Structure formats: structure tokens, C-alpha cells
Amino acid sequence: MPFEIISESLSNAVTALHPLNSGAKKIVQILKDDYQIWVCPNGGEYADKIFRVGHIGNITPEDNEILINALHDMQRRCLL
């Protein structure tokens, strides 16, 4: 996948991802609008550079699979 994990000290709650070929705001919006998947946007100067994926709470392996499948579909659609 065309993402870079930006932290050397990973969080137990979220993973921050830097898209290599697309804007983070666009990815967040497409996931929400086209796939009904909500990820965590960033604000300020990083709004279009980084988004975060939460992995605490009532998250199942199936939820992660749905997200991965959506990202693969976006890649096939040349959106990533």
C-alpha cells in the first residue's frame, strides 16, 4: 500500500499514516462517502498529509479486513 508509517514510537490507540501519492483529506472523504468507513483526520498543517486509523474499542478483525479491502479498491480505482 502507498502509505508510510510516520512514527518510530507507535501508539496503542491509533496508527498515523502518510499517503505517498494522494492527499490525506481526499482519502478520509472517500472512505467516508464511498465505503462508510470513518478514520481520523488531522487538522492544521498536517490535514492533507496524515490521517490516523484507530484500533481500540469495539474493532474486530473483520473491521480491519473491510478497511484493507476498501484501500485496495481505492488503489485499483487509482485514488491512492
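J.: I keep staring at the sheet that holds strand β1 (residues 3–5) and nothing clicks. Help me out?
T.: Backbone-to-backbone hydrogen bonds join strands into a sheet, with any given pair of strands oriented parallel or antiparallel. Spatially, β1-β2-β4-β3 is the arrangement adopted by the four strands of the open sheet, whose pairing is antiparallel. Looking along the sheet, the strands with just one partner apiece sit at the ends: β1 and β3 (40–41). Where strand β2 (residues 14–19) meets strand β4 (residues 51–54), four bridges bridge the pair, whose relative direction is antiparallel. Bridged to A16 within β4 is R52. Most of the contacts of helix α1 (residues 24–35) go to β4, to which it runs at about 40°, and overall it touches β1, β2, β3 and β4.

J.: Looking at this model, I keep getting lost on the nonpolar core. Mind explaining?
T.: The nonpolar side chains of a soluble globular protein tend to be buried with one another. Ranked by size, the top nonpolar core spans 18 residues in total, and within it L31, V39, F51 and M74 carry the most contacts. Of the residues forming this core, the biggest block, six residues, is contributed by α1. When near neighbours in sequence (up to four residues on either side) are disregarded, F51 contacts F3, T15, A16, L17, P19, A24, I27, V28, V39 and C40.

J.: Could you clarify how one ought to interpret the pattern of salt bridges in this entry?
T.: Any two side chains of opposite charge can pair, given that their charged atoms come close. Applying the stated criterion to the full structure yields three salt bridges. The shortest N-O distance in the salt bridge between D33 and K32 comes to 3.3 Å. Looking at D33, the relative accessible area reads 42%, which means it is partly exposed. Classification of K32 as partly exposed rests on a relative accessible area of 34%.

J.: Which parts of the structure should I look at to understand α1?
T.: For the α-helix, the turn length of 3.6 residues means that residues three or four positions removed from each other point alike. For α1, which comprises twelve residues, the first-to-last C-alpha distance of 16 Å matches the rise-based estimate of 16 Å (1.5 Å per residue) to within 8%. As for α1, its buried residues are in contact with β1, β2, β3, β4 and α2 (61–76). Downstream of α1 by one or two residues, Q36 has phi in the positive range, about 55°.

J.: Just to check I follow, could you spell out unusual backbone geometry for this structure?
T.: With glycine set apart, most residues show a phi of negative sign, and most peptide bonds adopt trans. Within the chain, Q36 stands out as a residue other than glycine whose phi angle is a positive 55°. Relative to the helices and strands, Q36 resides in the loop between α1 and β3. One non-glycine residue, C78, lies in the positive phi region at around 60°.

J.: Would you take a moment to explain the pairing of β4 for this structure?
T.: Each regular strand displays side chains that alternate between the two surfaces of the sheet. Where burial is concerned, the two faces of β4 differ: the one with F51 and V53 is buried and the one with R52 and G54 is not. In the sheet, β3 pairs with β4 via two bridges, with the strands oriented antiparallel. Opposite P41, over in β4, you have F51 as the bridge partner.

What counts, and where the lines are drawn
All residue numbers here refer to positions counted from 1 along the written sequence of the relevant chain. A pLDDT threshold of at least 70 governs which residues receive local features in this predicted model, and a stricter bar of 80 or more applies before side-chain atom pairs are shown or counted, although totals over entire chains, interfaces and linings include all residues. The side-chain quantities take in all heavy atoms of the structure and omit both hydrogens and water. Here, any two strands with at least 2 DSSP bridges between them count as paired. Helical segments are the DSSP runs of H or I of at least four residues, strand segments are the runs of E of at least two, and each set is numbered from the N terminus. Whether two residues are in contact is decided by their heavy atoms: any pair within 4.5 Å suffices. For every element, the axis is a line fit to its C-alpha atoms; helices are fit only across the contacting stretch, and the angle between N-to-C directions ranges from 0 to 180 degrees. Throughout this description, the term nonpolar core refers to a set of buried Ala, Val, Leu, Ile, Met, Phe, Trp, Tyr and Cys residues connected via side-chain atoms within 4.5 Å. Relative accessibility decides the category of a residue: with a 1.4 Å probe and only protein chains considered, values under 20% of the type maximum give buried, values over 50% give exposed, and everything between is partly exposed. For salt bridges, the criterion is a side-chain nitrogen of Lys or Arg within 4 Å of an Asp or Glu carboxyl oxygen. One fewer than the residue count of a helix, multiplied by 1.5 Å, yields its expected span.

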